[in-house]
Amino acid sequence: MNITVIVQARFGSTRLPGKVMRQLGDRSVLSHVIDRCHAFDKVTQVVVATTNQPTDDMIQEESLKKGVFCYRGSEEDVLSRYYETAQLCKSDVIVRITSDCPLIDPWVSSQVINHYLSDPEIDYCSNVLKRCFPRGLDTEVFSLQALENAYRNAKEALEREHVTPYIIRNPQRFRLSAYVLPIDCSKYRWTLDTEEDWELIKLIYERLYRRGTFFSWENTLDLMTKHPELPAINAHIEQKNR
């Protein structure tokens, strides 16, 4: 079974342009995300899907430096970009990760993947259907058949721009499954979309990052608990639809 992690990336951003190419310690945000994705269980390959805009040449260059394939497609129709990438990679299962999540946790994402694989009837599994993890650990897993169904039938702009809304909105067509924990940590925001997010993520990396290892989401959670001034940095930020 070909399980492909597709990292959605582009240089442009409404609120924080160039965010995924910012240097976070010894490498770019995108580089950290790619490295963490390579540590997921049962994954065949990690690829990057960016746009065909000239500003995203550097996304392709960074991907090639990391030794991963980079597909370039529509800027606005991200659903088509994902489907075309999955087809080229001959994927059976797709793991969707966004490149603005440098704290993406290999253990959490692996749990979502394994939960999906535990039942062959599942079409889509994620830790966002019933959110209990902090934003920034979002992992969606779905079959190529589900992606193709969405690609061929999704009509609304939101459904084309954000890849999975068509699947989530049609539980009568797809079997959905949520990976959840008995605790709720959803109040925390560990994704990168604003300067406040950047300030927090830089501080987390300064305190926890050691080259050659991955600090876990539990390490970050412990840091937040011991230093409540840290989550306060971006607690007021409202999440955009994605």
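Residues numbered from 1 in each chain as written. Predicted model: local features only at pLDDT ≥ 70, side-chain atom pairs only at ≥ 80, totals over all residues. Heavy atoms only, no water.

*Asks:* I keep staring at the sheet that holds strand 1 (residues 3-8) and nothing clicks. Help me out?
*Replies:* Sheets are built from strands paired through backbone hydrogen bonds, the pairs being either parallel or antiparallel. Taken together, the seven strands give an open sheet; going across it, the order is 5-4-1-6-8-7-9, and neighbouring strands pair in mixed fashion. Of all the strands in the sheet, just strand 5 (70-73) and strand 9 (176-178) have a single pairing partner and so form its edges. Recorded for the sheet is a direction-independent mean angle of 25° between the axes of neighbouring strands. Pairing of strand 6 (residues 93-98) with strand 8 (residues 140-143) involves four bridges; the strand directions are antiparallel. Across the sheet, V93 pairs through a bridge with S143, a residue of strand 8. Of the strands in this sheet, strand 6 and strand 8 are in contact with helix 5 (residues 144-153), which crosses strand 8 at around 85°. (Pairing = 2+ DSSP bridges. Helix = DSSP H or I, 4+ residues; strand = E, 2+ residues; numbered from the N terminus. Axes fitted to C-alpha atoms, helices over the stretch in contact; angles between N-to-C directions. Contact = heavy atoms within 4.5 Å.)

*Asks:* Is there a simple way to think about the packing of aromatic side chains in this case?
*Replies:* Both the distance between ring centres and the angle between the ring planes are used here to describe each pair of aromatic rings. Under the counting rule described, the total for this entry stands at eight aromatic pairs. Considering the side-chain rings of F133 and Y179, the 6.1 Å spacing of their centres and the 15° angle between planes classify their relative orientation as stacked. You can see F133 sitting in the loop between strand 7 (124-126) and strand 8 and its partner Y179 sitting in the loop between strand 9 and helix 8 (195-208), a full 46 residues away along the chain. The two residues F133 and Y179 agree in class, both being buried. (Phe/Tyr/Trp six-rings, centres within 6.5 Å; stacked < 30°, edge-to-face > 60°. Buried < 20%, exposed > 50% of the residue type's maximum accessible area, 1.4 Å probe, protein only.)

*Asks:* I keep staring at the environment of C89 and nothing clicks. Help me out?
*Replies:* As for its placement among the helices and strands, C89 is situated in the loop between helix 3 (78-88) and strand 6. With a relative accessible area of 10%, C89 lands in the buried category. Counting along the chain gives 43 residues from C89 to V46, while the straight-line C-alpha distance between them is 9.9 Å.

*Asks:* Could you clarify how one ought to interpret helix 5 in this entry?
*Replies:* Residues lying three or four places apart along an α-helix face the same way, a consequence of the helix completing one turn every 3.6 residues. What helix 5 keeps buried is the set L144, A146, L147 and A150. One side of helix 5 carries all its buried residues, which in axial view fall inside an arc of 160°. In this structure, the buried residues of helix 5 make contact with helix 3, strand 6, strand 8, helix 6 (157-161) and helix 7 (165-169). (Arc of directions from axis to C-beta.)

*Asks:* What should I look at first to understand the side chain of D197 in this one?
*Replies:* Structurally, D197 can be placed in helix 8. With a relative accessible area of 0%, D197 lands in the buried category. Those residues in contact with D197 that sit more than four places away from it in its chain are R189, T191, L192, N234 and I237.

*Asks:* Would you explain the pattern of salt bridges in this entry?
*Replies:* In a structure, side chains of opposite charge can pair up when their charged atoms sit close to one another. What the rule picks out here adds up to 19 salt bridges. The salt bridge partner of R22 is E195, with a shortest N-O separation of 2.8 Å. Here R22, found in the loop between strand 1 and strand 2 (23-24), pairs with E195, found in helix 8; they are 173 residues apart in sequence, far enough to count as distant. A salt bridge links E140 to R96; the shortest N-O distance between them is 2.8 Å. Of this pair, E140 sits in strand 8 while R96 sits in strand 6, and the two are 44 residues apart along the sequence. (Salt bridge = Lys/Arg side-chain N within 4 Å of Asp/Glu carboxyl O.)

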